[in-house]
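This is what each chain is made of:
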Amino acid sequence: MEDTRPLLLEVEDLKTYMFLDEGTVHAVDGASFSVRRGETLGIVGESGCGKSITARSIMRIVRKPGKIVNGKILWHRTPPSPGNLGQTLDLTTLPEQGEEMRNIRGGEIAMVFQEPMSSLSPVHTIGNQIMEVIMLHQKVSKQEAREKTLLMLNQVGMPQPSRIIDRYPHQLSGGMRQRAMIAMALSCHPDLLIADEPTTALDVTTEAQILSLMRRLQEELGMAIMFITHNLGVVAQMTERVIVMYMGRVVEDASVDDLFYDPKHPYTQALLRSIPRMGSKALGEHTRLASIKGTVPDPFNLPKGCPFHPRCEHAMPGICNVIDPGVTQVGPNHTTRCHLYGDPSQVIPLESKTPASSVA
Amino acid sequence: MSSQQAREISIANELDESLNPSEQAYVAPQWKLMYWKFRKHRMAVVSLFILILFYIGAAFCEFIAPYDPEAFSTNFVAAPPTRIHFFDDHGTFRGPFVYGYKRERDPETLRPLYTEDKALIYPIGFFVRGSEYKMWGLFNTNIHLFGIGAKPDEQGVFLLGADRLGRDLFSRIIYGSRISLSIGLVGVFLSLILGIILGGISGYYGGFVDNIIQRIIEFIRSIPSIPLWMGLSAALPANWPVVRVYFAITVILSLISWTGLARVVRGRFLALREEDFVLAARLVGSSEMRVILRHMVPSFLSYIIASLTLSIPGVILAETGLSFLGLGLRAPAISWGVLLQEAQNLRSVALAPWVLLPGVAVVTSILAFNFLGDGLRDAADPYSR
Amino acid sequence: MAKYILKRILYMIPTLFVISIISFAIIQLPPGDFLTSYVATLRQQGEDIDATAIKALEEQYGLNQPIYVQYGKWMRNILLYGDFGLSFEWRRPVKDLIWERIGLTVFISLLTILVTWIISIPAAVYVATHQYSFLDYLISFISFVGLGTPGFLIALVYLWIMLSVFGVNAAGLFSEQYINAPWNWDKIVDMMSRIWAPVLILALDNTAGIIRTVRANLLDELNKPYVETARAKGLKERILIWKYPVRVALNPFFSTVGWTLAALVSGETLVAVVLNIQTSGPLLLRALTSQDMYLAGAFVLLLSALTVLGTLISDILLAIADPRIRLEG
């Protein structure tokens, strides 16, 4: 089944490095993926795998000492239609503080952050902070911005929007703050919403409310969502397609069904095994919960070859610890980066890797 | 991934594997980490050396100063700093020496003018005999570090010039450092005792006691210190001996300046009280005293030392300010503030600008303490960046 | 909000009480009571004072009564009649001598705070957002030197330079012809042309500390998530920095305004003595050295009380600026 929705965002071989005193960390190390209009893409991986930096690279808000050093981020601003090729921008070429990038940031691509507690300014009212985005990206008066803010707060299911609008963040509960964040992000009707672990800091009931709110809003507004999380349950519930990241690269890209029922990459398989299953006891299974052996490698000292090989059950000596695997097609719309699914001699290394820099 | 995470991961990994020399940092004892961190703060290291020099000068001032600080000579009123030569007019090397002064008077302003008399050469000697003094009250001697051996009335070597009475400013500054630098240490020591006791009580017990002590600290910090100090020290009887005035002033200064230290101690105590290792020590049945002395004090000692160092300048400045106003120590006591009183008279500054030099000594020592304190504060937390 | 202000005002009462006790203690500290010294001074100057007048003064200040009665009378005279006692050196009521001086002190202090902020806040913001740049090092260096150099030394050096380079005696707040002139427009203009020196010297003294605190606060705030939120909105960097982190970083700084005020009044005392400015400092010094204790006590009392009042005002301003305090009480 071919997805015919037009492409919205294409990330090609993105590399974002952090230049620290101790050495260079390859936070995002050749990630490639795409998002279609209206699609919900999940990005999963352990802490520190480069999910958040990928999101910040797309927004072009990577802070020093981080820097995008390679790759393209193609933003298909208007979809191609008959007789019109559409407009496409490479975000990596735009000046970070330039007008065009600032218009895209917050206007066309919006972001919701992890910590609803600290992601809102403590000394400005909710209304002030939401109206600011509206007035920034739309030519409206203060009065109109306030009306739009009230509408938006209503739409995210905020109780008593007309009172909440003049409240300060510390007077709101965590769930309400996150609703406010979502209202702020969606107030300019972006084409892409990047949600960076938006429910991690919330309790389970609130999390469920926020997730169903996001699904409803997506139906109503039709934007694409990039859902960053380490919670596979949330992925199963929310997304259509998933990419799995490990050490700054995409190791598997599959539809959500393929990922859960036919995972290919040993890392994905290990991740899935580490989810506790409800009712496994009733089935008479008394097994220990699996964990992935070893820890994430030292970011200053990446292993040679496939970065996962020291922890991989299927590692093939002489291959996995020598050659970096390329991308292999393992099914329709399903790719992975692993030597198990291709003839290693056929694999053309993506690029000769520079040896990992040593500790200064 | 943030750099913080990256560092934590790398530390965790390194500990698993065998260590190579560059990884010693992960197993080094805390004091060693502190030492490394401190060494990286160049200004702090330089400052430490300067302060050591200053304190040696203060300890051995009788020996280092070439003259008695009270010795005066009308022949050298407002004499400028003496130039030290190594080669004479013919270009022959003669070792360090000074020329004699030729004294004239400006016919209009009647100001004394000094020029060098190239005919008179006084070589500078080391360990020369000069005025008699009693070293640390132990023995009499007359050996000085350097001097020119000439009679004081005939010619002198004034490294930093002479004041309106013809007294050697270098000697006076060296003598002054004894009071000015020691009052900082003694004052801070007294504040430390007050600060640790009250701050410790405040932070350890919290609640009502804490509230009361915090109010007191806020109160003391919210009243202007100098007018209060002025009022209190003006009340000291004028006929008290120098030593008693010295201690009275120190007590007055530390009565007000303990608040900063108390705040630091309290803050550390509050933070440490919540730490797991303190809870752990308590759970295994350590006594309160043992918890405090064995577990809590070592982990904030370094902070205390750092903030002690940072509060010394305040005391030095306060003494200087009070003595400058004539309300602190008074002549015949010599401190940098007393010396600066001379500079209150604009005419004498115009005549002999070098009377401002005690101010340079004050600023240097204060900056040195600030830099040193900064370095120590960085070192106190060796895991931060 | 009203509850918060009320609470702060209630806190102030014990503070003012303790201040009044300390000031009274300062008056009492020198040996002998003021009346004896007063009569002695008068006699020295060949004047006599009759017994009934002495009796009246004794009664007015409760001099033959226990110390707490004296304190009570002193306080009652101040609170009810604004009578701070007599200055025996000037032989005038203290209240006639202090208000103009105190007014000038307050004026210079407020002007200095204003100048300090105008210099130090932008500098701190620049330094925090351009860490490790050349200007960062330069400003840090200057503020270190400012921190180490007491204002009165800078004032001394300033006088010396003005005298030796320009041949001008820069001491004093007024040119000669205005010193004893009544206040008029020309005198104000003359004062403003000279007031910048003490104000700048005092500001330099305080700027250093403020730059260091604000820089440290701001460096903390710059890494907070709400800054990233603002950045993700598409705001211009300069606008977002001033609207969000600077705004938050200034809050803890405003809460120390009270101490700044105390430090300022302290520093002002010394600088004013050096620059011979007719604020409270030099008169307080003179009163102390000549043991004119009612005058000295009144200065200590008023300067301290004004600083406490300033702290209260700054606390209220802080509450207005920071909703977290305003709404919690």
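Everything numeric here is computed off the predicted structure, so don't read it as measured data.

Turning our eyes to something else, we now look at the overall build of chain A. Looking only at helices and strands, one finds 10 helices and 12 strands in chain A. Over its C-alpha trace chain A gives a radius of gyration of 21 Å, about what one expects of a compact globule, namely 21 Å for 360 residues. Referenced to the eigenvectors of the C-alpha coordinate spread, the extents of chain A come out at roughly 70 × 55 × 50 Å. Across chain A, every contact between residues at least 6 apart in sequence was considered, and the portion connecting residues at least 24 apart equals 64%. Counting every atom, chain A has about 16000 Å² of accessible surface; 53% of that belongs to carbon and sulfur. With 36 positive and 39 negative side-chain charges, chain A shows a separation of 4 Å between the mean positions of the two kinds.

Now for the interface of chain A and chain C. Across the contact, 28 residues belong to chain A and 24 residues belong to chain C. A buried area of about 2400 Å², summed over both sides, lies between chain A and chain C, and 58% of it is on carbon and sulfur atoms. By the criterion of area lost to chain C, the three top residues of chain A are Arg63(A), Val123(A) and Glu132(A), representing 24% of everything that side buries. Run the count over chain A and chain C and you get three salt bridges. As a salt-bridge pair, Glu228(C) and Arg56(A) come within 2.5 Å of each other at their nearest N and O atoms. Listed by contribution, the elements that provide at least two residues to the side of chain A that touches chain C are helix H1 (51-59), helix H2 (99-107), helix H3 (126-137) and helix H6 (174-186) of chain A. Per-element tally for the side of chain A that touches chain C: the top contributor is H3(A), with six residues.

To continue, consider the nonpolar core. Nonpolar side chains tend toward joint burial in soluble globular proteins. The biggest cluster of nonpolar side chains holds 166 residues, and the ones touching the most others in it are Met230(B), Trp74(C) and Ile98(C). If one sorts the elements of this core by residue count, helix H10 (residues 288-325) of chain B sits on top with 14 residues. Residue contacts for Met230(B): discarding those within four places in its chain leaves Leu322(B), Leu325(B), Leu327(B), Thr269(C), Leu284(C), Leu285(C) and Leu288(C). In terms of nonpolar packing, the next biggest core, distinct from the first, is built from 78 residues, Ile68(A), Leu193(A), Ile210(A) and Met214(A) among them.

Turning our eyes to something else, we now look at the pattern of salt bridges. Counting across every chain of the model gives 24 salt bridges over all chains. Linking Glu313(A) and Arg273(A) is a salt bridge whose minimum nitrogen-to-oxygen distance equals 3.4 Å. Of this pair, Glu313(A) sits in the loop between helix H10 (266-273) and strand S11 (328-331) while Arg273(A) sits in helix H10, and the two are 40 residues apart along the sequence. Classification of Arg273(A) by relative accessible area gives partly exposed; the value is 39%. Where Arg215(C) meets Asp136(C), a salt bridge forms, and the shortest distance between an N and an O atom there is 3.6 Å.

It is worth spelling out the side chain of Glu268(C) at this point. Residues and elements named next belong to chain C. Along the chain, glutamate 268 turns up in helix H12 (residues 257-275). Despite its burial, glutamate 268 pairs with no opposite charge; the closest candidate is arginine 101, at 9.0 Å N-O. Among the polar contacts made by the side chain of glutamate 268, one reaches the side chain of threonine 279 at a distance of 2.9 Å. Glutamate 268 has contacts with Thr105, Ile108, Leu202, Thr279 and Ser280, leaving out every residue within four places of it along the chain.

Another point: the confidence of the model for chain A. Residues shown with low pLDDT carry predicted positions that ought not to be read at fine detail. With 91% of its residues at a pLDDT of at least 70, chain A reaches an overall mean of 84. Throughout residues 347-360 of chain A the model reports pLDDT below 50, and contacts reaching past four residues in sequence, or to other chains, amount to 24 contacts.

Residues and elements named next belong to chain B. Confidence in the prediction of chain B, expressed as mean pLDDT, is 77, and 90% of residues score 70 or more. For chain B, per-element mean pLDDT is lowest for helix H1 (residues 3-16), which scores 49, and highest for helix H3 (residues 42-59), which scores 88. Overall, residues 11-23 carries pLDDT values under 50, and its contacts beyond four positions in sequence, including any with other chains, amount to 13 contacts. Interface confidence in the predicted complex, given as ipTM, is 0.81; pTM for the same model is 0.74.

All names here are of chain A. Within the open sheet, the four strands sit side by side as S2-S1-S4-S5. Their pairing is antiparallel. Taken across any chain shown, the strands that pair with only one partner, and hence form the sheet edges, are strand S2 (23-36) and strand S5 (87-90). Recorded for the sheet is a direction-independent mean angle of 10° between the axes of neighbouring strands. As paired strands, strand S1 (residues 7-20) and strand S4 (residues 66-78) are joined by eight bridges and run antiparallel to one another. Each residue of the ladder has a partner; that of threonine 16, found in S4, is isoleucine 68.

Accessible area lost when the parts come together is the quantity often used to give the size of an interface. Across the boundary between the two partners, chain C contributes 42 residues, which contact 38 residues of chain B. In total, about 3500 Å² of surface goes out of reach between chain C and chain B, with carbon and sulfur atoms giving 80% of it. Taken together, the links from chain C to chain B amount to zero salt bridges. Connecting chain C to chain B are zero residue pairs in polar contact (both at pLDDT 80 or more). When residues of the side of chain C that touches chain B are assigned to their parent elements, the largest contribution, eight residues, is made by H12(C). Grouping the constituent residues of the side of chain C that touches chain B by class yields 29 nonpolar, 11 polar and two charged.

Residue and element names in this part refer to chain A. Looking at the assigned domains, one finds that chain A contains domain 1 (7-247) and domain 2 (250-278 + 305-354). Of note, the centres of domain 1 and domain 2, computed from C-alpha atoms alone, are 28 Å apart. Opposite the 21 residues of domain 1 that make contact, domain 2 presents 20 residues. Interface of domain 1 and domain 2: buried area, both sides summed, is about 1800 Å²; carbon and sulfur atoms make up 60% of it. If you sort the residues of domain 1 by the area they bury against domain 2, Leu232, Val244 and Tyr246 come out on top, with a joint share of 41%.

So, on to the packing of aromatic side chains. Residue and element names in this part refer to chain C. Tallying each qualifying case throughout the model produces 15 aromatic pairs over all chains. With 5.4 Å between their ring centres and 70° between their planes, phenylalanine 24 and tyrosine 71 make a pair best called edge-to-face. Taken together, the residues span a long stretch of sequence, with phenylalanine 24 in helix H1 (residues 2-28) and tyrosine 71 in helix H4 (residues 67-81) at a distance of 47 residues. For tyrosine 71, a relative accessible area of 16% puts it in the buried group. With centroids separated by 6.3 Å and ring planes inclined at 65°, the aromatic side chains of phenylalanine 84 and tryptophan 99 adopt a geometry described as edge-to-face.

With that settled, the discussion passes to the pairing of strand S9 (residues 241-246) of chain A. Residue and element names in this part refer to chain A. Counting buried positions along S9 yields six of six residues, so the element is predominantly enclosed. Going residue by residue along S9, you find Arg241, Ile243 and Met245 tucked away on one face and Val242, Val244 and Tyr246 tucked away on the opposite face as well. Pairing of strand S3 (residues 40-44) with S9 involves four bridges; the strand directions are parallel. The residue of S9 that forms the bridge with valine 44 is valine 244. With six bridges joining them, S9 and strand S10 (residues 249-255) adopt antiparallel strand pairing. By the bridge assignment, isoleucine 243 is partnered in S10 with aspartate 253. From the end of S9 to the start of S10, which pair antiparallel, there are two residues, and methionine 247 there has a positive phi angle of about 50°.

A separate point is the sheet that holds strand S2 (residues 93-105) of chain B. Working definition: the strands of a sheet are paired by backbone hydrogen bonds and lie parallel or antiparallel to each other. Residue and element names in this part refer to chain B. Ordered in space as S1-S2-S3, the three strands form an open sheet in which the pairing is antiparallel. Lying at the two open borders of the sheet, with one neighbouring strand each, are strand S1 (85-87) and strand S3 (112-123). Averaged over all pairs of adjacent strands, the angle between their axes in this sheet comes to 45°, without regard to strand direction. In the sheet, S1 pairs with S2 via two bridges, with the strands oriented antiparallel. Counted as the bridge partner of phenylalanine 87 is phenylalanine 93 from S2.

Right, let's get into helix H7 (residues 204-221) of chain A. All names here are of chain A. The terminal C-alpha atoms of H7, which comprises 18 residues, lie 25 Å apart, in line with the 26 Å expected from a rise of 1.5 Å per residue. Among the residues of H7, those classed as buried are Thr206, Glu207, Ile210, Leu211, Leu213, Met214, Leu217 and Gln218. For H7, the angular spread of buried residues about the axis comes to 160°, placing them on one side. Opposite the buried face of H7, at more than 90 degrees from it, the exposed residues are Val204, Thr205 and Glu219. Taken together, the buried residues of H7 touch S3, helix H4 (142-155), H6, strand S7 (192-196), strand S8 (224-229) and helix H8 (232-238). N-capping of H7 is provided by aspartate 203, with a side-chain oxygen placed 3.2 Å from the backbone N of threonine 205. One or two steps after H7, the chain reaches glycine 222, where phi turns positive at roughly 75°.

Rules of the game
- Residues numbered from 1 in each chain as written.
- Chains lettered and ligands numbered in written order.
- Predicted model: local features only at pLDDT ≥ 70, side-chain atom pairs only at ≥ 80, totals over all residues.
- Heavy atoms only, no water.
- Helix = DSSP H or I, 4+ residues; strand = E, 2+ residues; numbered from the N terminus.
- Rg over C-alpha atoms; globule rule 2.2 N^0.38 Å.
- Contact = heavy atoms within 4.5 Å.
- Areas by Shrake-Rupley, 256 points an atom, 1.4 Å probe, with all protein chains shown as cover.
- Lys, Arg positive; Asp, Glu negative; His and termini not counted.
- Charge placed at Lys NZ, Arg CZ, Asp CG, Glu CD.
- Buried area = accessible area lost by both parts, 1.4 Å probe.
- Salt bridge = Lys/Arg side-chain N within 4 Å of Asp/Glu carboxyl O.
- Core = buried A, V, L, I, M, F, W, Y, C linked by side-chain atoms within 4.5 Å.
- Buried < 20%, exposed > 50% of the residue type's maximum accessible area, 1.4 Å probe, protein only.
- Polar contact = N/O pair within 3.5 Å; in protein donor to acceptor, adjacent residues only side chain to side chain.
- pLDDT = per-residue confidence, 0-100.
- Pairing = 2+ DSSP bridges.
- Axes fitted to C-alpha atoms, helices over the stretch in contact; angles between N-to-C directions.
- Nonpolar A, V, L, I, M, F, W, Y, C, P; charged D, E, K, R; others polar.
- Domains from an automatic or database assignment.
- Phe/Tyr/Trp six-rings, centres within 6.5 Å; stacked < 30°, edge-to-face > 60°.
- Expected span 1.5 Å × (residues − 1).
- Arc of directions from axis to C-beta.

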